[in-house]
Amino acid sequence: MKTRNTEILVGTFVLLGFVALFFLALKAANLGNFSTEPTYAISARFDNIGGLKARAPVRSAGVTVGRVTAITLDPKTYQGVVSMDIRNGFQFPKDSSAKILTAGLLGDQYVGLEPGAAEANLAAGATITQTQSALVLENLIGQMLFNMAADAGSTGGAKP
Amino acid sequence: MTAAIAHLGRFTLQVLRSLGHAAFFFIDLLRFSPAALRRFGLVVAQVHAIGNRSLIIIAASGLAVGFVLALQMYYALVTYGAAESLGLIVNLALVRELGPVVTALLFAGRAGTSLTAEIGLMKAGEQLAAMELMAIDPRARVLAPRFLAGIVSMPILALIFSAVGILGAYVVAVLLIGVDAGNFWSIMQDRVDVWRDLGNGIVKSAVFGLICTFVALYQGYETQATPEGVAHATTRTVVIASLGVLGMDFILTALMFSTP
């Protein structure tokens, strides 16, 4: 009887461990996000992908519709090619455009899909060419400084 | 001068000898472990002694750590308006580091010492010698089941520690302070990876369980068969196991999380 009690207690202990594991995996980690829903692959070409990473979300109107699967560089055009898996339930017109956006001021970057007006939808394997690159802070600051210098130069030249 | 050099040489040889001794002891434990699996009842009894009895202290510590982490992180994050990330930070801290490490330190103190004292007293009472006379290898009958039980119990305890800690953080952050519950969970789900964070944490805690149990068994088995000897061995178990866990944690963290 004593060994039976011990076995019950140890079984409870192991069960508690599994409960903790499921809680951590499903409620406190991303296992719940892995959907078995079928997806289709599309890609988009960007001049600059900024800090986008694989597994970043793809959103349309703020709703997550897919995930970035891979990011590579096209060796001919020197553009960044972002491959994405979009859930089958969401179809986008052929002339949709893609942007790289940032969640909040300091948040992670994600791909924003903006639907176009075409009748036909993006097929699996299609490439979006209408894109807007990520904002690179250094470029923005450089442009601002350049504009300021140009302004100063024009006003300085008109004065005398 | 020559005396000093001889002293150094003797010391080095001693260290090497004890390291080699420990290595052979480790190999013996591994060799006897499959046989212990066949007598599963022994392992179950040890999981009860090592795991079940550590449950209360592990759960209480996890809850306390979760409470305090949530409170501290809230004070730090609220100035940046990022209080919703609290759950994420608590989760990553617990699952990656604090869960395995603090559980291992508590485990060394709670279960390691009792293992060392138990086996040390068995040796002092010549029970181990009596077993050998009966042609039963005490390493197979006494040590190997405890070794396996330690390796099994430790990840379970660490998981419970992390889970209870996150629930504690939830109580403080959401129920007491009023952080939004939806954001608390969703940011966590968005940013914590099951394999990378949780999986590596489990691997870590299994390695720590191996270190703690091995050190405890070795110290108990090699103790001098006197009351002082057992006392010294128990102390050494806590010191060596804790330092081993902390050192190994750095190595494992560097290996697991080096690539972003």
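Residues numbered from 1 in each chain as written. Chains lettered and ligands numbered in written order. Predicted model: local features only at pLDDT ≥ 70, side-chain atom pairs only at ≥ 80, totals over all residues. Heavy atoms only, no water.

A. Highlighting the confidence of the model for chain B. Looking at chain B as a whole, its pLDDT mean stands at 92, while 99% of the residues score no less than 70. With pTM at 0.78, the complex prediction returns an ipTM value of 0.85. (pLDDT = per-residue confidence, 0-100.)

B. Spotlight on the pattern of salt bridges. All names here are of chain B. Evaluation of the coordinates by the stated rule reveals nine salt bridges over all chains. Of the charged contacts in the structure, one is a salt bridge between D197 and R96, with a shortest N-O distance of 2.7 Å. With D197 in helix 8 (residues 194–221) and R96 in helix 4 (residues 86–124), the pair connects residues that are 101 residues apart, well separated along the chain. (Salt bridge = Lys/Arg side-chain N within 4 Å of Asp/Glu carboxyl O. Helix = DSSP H or I, 4+ residues; strand = E, 2+ residues; numbered from the N terminus.)

C. Inspection of helix 3 (residues 55–78) of chain B at higher detail. The first and last C-alpha atoms of helix 3 of chain B sit 34 Å apart over 24 residues, in line with the 34 Å expected at 1.5 Å per residue. Those residues of helix 3 of chain B that are buried are in contact with helix 1 (2–27) of chain A together with helix 4 and helix 6 (138–177) of chain B. (Expected span 1.5 Å × (residues − 1). Contact = heavy atoms within 4.5 Å.)

D. Quick look at helix 1 (residues 2–38) of chain B. Residue and element names in this part refer to chain B. The end-to-end C-alpha distance of helix 1, which contains 37 residues, comes to 55 Å, matching closely the 54 Å that a straight helix rising 1.5 Å per residue would cover. At F32, helix 1 shows its largest bend, some 35°, and a proline, P34, comes one to four positions later. Burial in helix 1 covers these residues: A22, F25, D28, L29, F32, S33 and A36. Tucked inside the fold, the buried residues of helix 1 contact helix 2 (40–50), helix 6 and helix 8. (Bend = angle between axes of the 7 residues up to and from the residue. Buried < 20%, exposed > 50% of the residue type's maximum accessible area, 1.4 Å probe, protein only.)

E. Focus on the sheet that holds strand 2 (residues 57–60) of chain A. Residue and element names in this part refer to chain A. An order of 7-1-4-3-2-6-5-8 is seen for the eight strands of this open sheet, with the pairing classed as mixed. Strands at the two margins of the open sheet, each flanked by one partner only, are strand 7 (127–128) and strand 8 (131–132). Examined bridge by bridge, strand 1 (residues 39–46) and strand 4 (residues 80–87) share eight bridges and lie antiparallel to one another. Across the sheet, A44 pairs through a bridge with V82, a residue of strand 4. (Pairing = 2+ DSSP bridges.)

F. Structural view of the packing of aromatic side chains. Evaluation of the coordinates by the stated rule reveals eleven aromatic pairs over all chains. Geometrically, the ring pair formed by F23 of chain A and W185 of chain B is edge-to-face, given 6.0 Å between the ring centres and 85° between the ring planes. Separated into two different chains, F23 of chain A in helix 1 and W185 of chain B in helix 7 (residues 181–191) make up a pair that spans both. Taking relative accessible area as the criterion, F23 of chain A reaches 18% and is therefore assigned buried. Residue W185 of chain B is classed as buried on the basis of its relative accessible area of 11%. Pairing F26 of chain B with F147 of chain B gives two aromatic rings, centres 6.2 Å apart and planes at 85°, and the pair type is edge-to-face. With a gap of 121 residues between them, F26 of chain B in helix 1 and F147 of chain B in helix 6 connect regions that are remote in the sequence. Site record: aromatic cluster; members linked through ring pairs are F25, F26, F147, F214, Y218 and Y221 of chain B. Sitting over the ring of Y110 of chain A, R59 of chain A keeps its end group 4.6 Å from the ring centre. The residue whose ring lies beneath R31 of chain B is F32 of chain B, and the NZ or CZ to ring-centre distance is 5.0 Å. (Phe/Tyr/Trp six-rings, centres within 6.5 Å; stacked < 30°, edge-to-face > 60°. Lys NZ or Arg CZ within 6 Å of the ring centre and 35° of its normal.)

G. Structural view of the environment of V81 of chain A. Secondary-structure assignment places V81 of chain A in strand 4. We classify V81 of chain A as buried; its relative accessible area is 14%.

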